[in-house]
Amino acid sequence: MIIYYTARAIFDESIDEGPGWNGYIAWTGMTHLTEVVSLDDLLNKPLVEPDYGNAEDWTHVVTQGHYITGLFTTLDYVLKKVKPIDRFNLLAVVIEPTEACKDVTIEDFEFIGYDLQEKDFGVSSLTNCDGFDEPYSPIDINQFGLLNEFEKAYSIKKRLLTNNPEHPHADANVMAIWRHKKVGRAVI
């Protein structure tokens, strides 16, 4: 498995701008969520912006095909580039893992679940889409807006596309996510 890294903004009850957390919970009906920890660019905004004109930065940017994933090759690069804020999600990520990840240890990180992120790496198919012939229910989603089980993530991924072949967010990548236990965890 190749591990990549990113830093993302917090999306929880502390967010009141726009529709905010309460509007989001009303829209999704997922009242059991305590926070969304996703790779969704709209819910968990990226906090690392490389200088795309700098050849050195391109050595850290992870691409898949012609898509820029929002992930980076090293933790040091992300920590150097992250905007200085107290609370954020420092994440380790595996794209399309080939084995269950809940017992995979990454020093100082804890495994929190699997996201399904559309092929262009912008939107979470689990937490920021509607209009699907639902291949899952809210009870499949954990308190972070992720799936706990490896097999279920791949099963839902398959059913999502099979049941919704024309939906733009149905063709998704399974993304295993670990969150750093200390960095970005300041309590407000």
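## Quick look at unusual backbone geometry
Not every positive phi belongs to a glycine, and Glu96 is a case in point at roughly 50°. By the secondary structure assignment, Glu96 is in the loop between strand E6 (89-95) and strand E7 (109-118). Here Glu96 falls in the partly exposed class, since its relative accessible area comes to 24%. We note that Phe121 has phi near 65°; this positive angle belongs to a residue other than glycine. Inspection of the secondary structure puts Phe121 in the loop between E7 and helix H4 (150-163). The class for Phe121 is buried, based on a relative accessible area of 1%.

## As for H4
Because the α-helix completes a turn every 3.6 residues, residues three or four places apart line up on one side. Compared with the 20 Å implied by 1.5 Å per residue over 14 residues, the 20 Å span of H4 between its first and last C-alpha is a close match. Within H4, burial applies to Phe150, Ala153, Ile156, Lys157 and Leu160. All buried residues of H4 fall inside an arc of 130° around its axis, so they share one side. Facing away from the buried side of H4 by over 90 degrees, the exposed positions are Glu151, Lys158 and Thr162. Buried residues along H4 sit against E7 and strand E8 (172-180).

Thresholds, definitions, all that
- Residues numbered from 1 in each chain as written.
- Predicted model: local features only at pLDDT ≥ 70, side-chain atom pairs only at ≥ 80, totals over all residues.
- Heavy atoms only, no water.
- Helix = DSSP H or I, 4+ residues; strand = E, 2+ residues; numbered from the N terminus.
- Buried < 20%, exposed > 50% of the residue type's maximum accessible area, 1.4 Å probe, protein only.
- Expected span 1.5 Å × (residues − 1).
- Arc of directions from axis to C-beta.
- Contact = heavy atoms within 4.5 Å.

Function-wise, these values are silent; they only describe arrangement.
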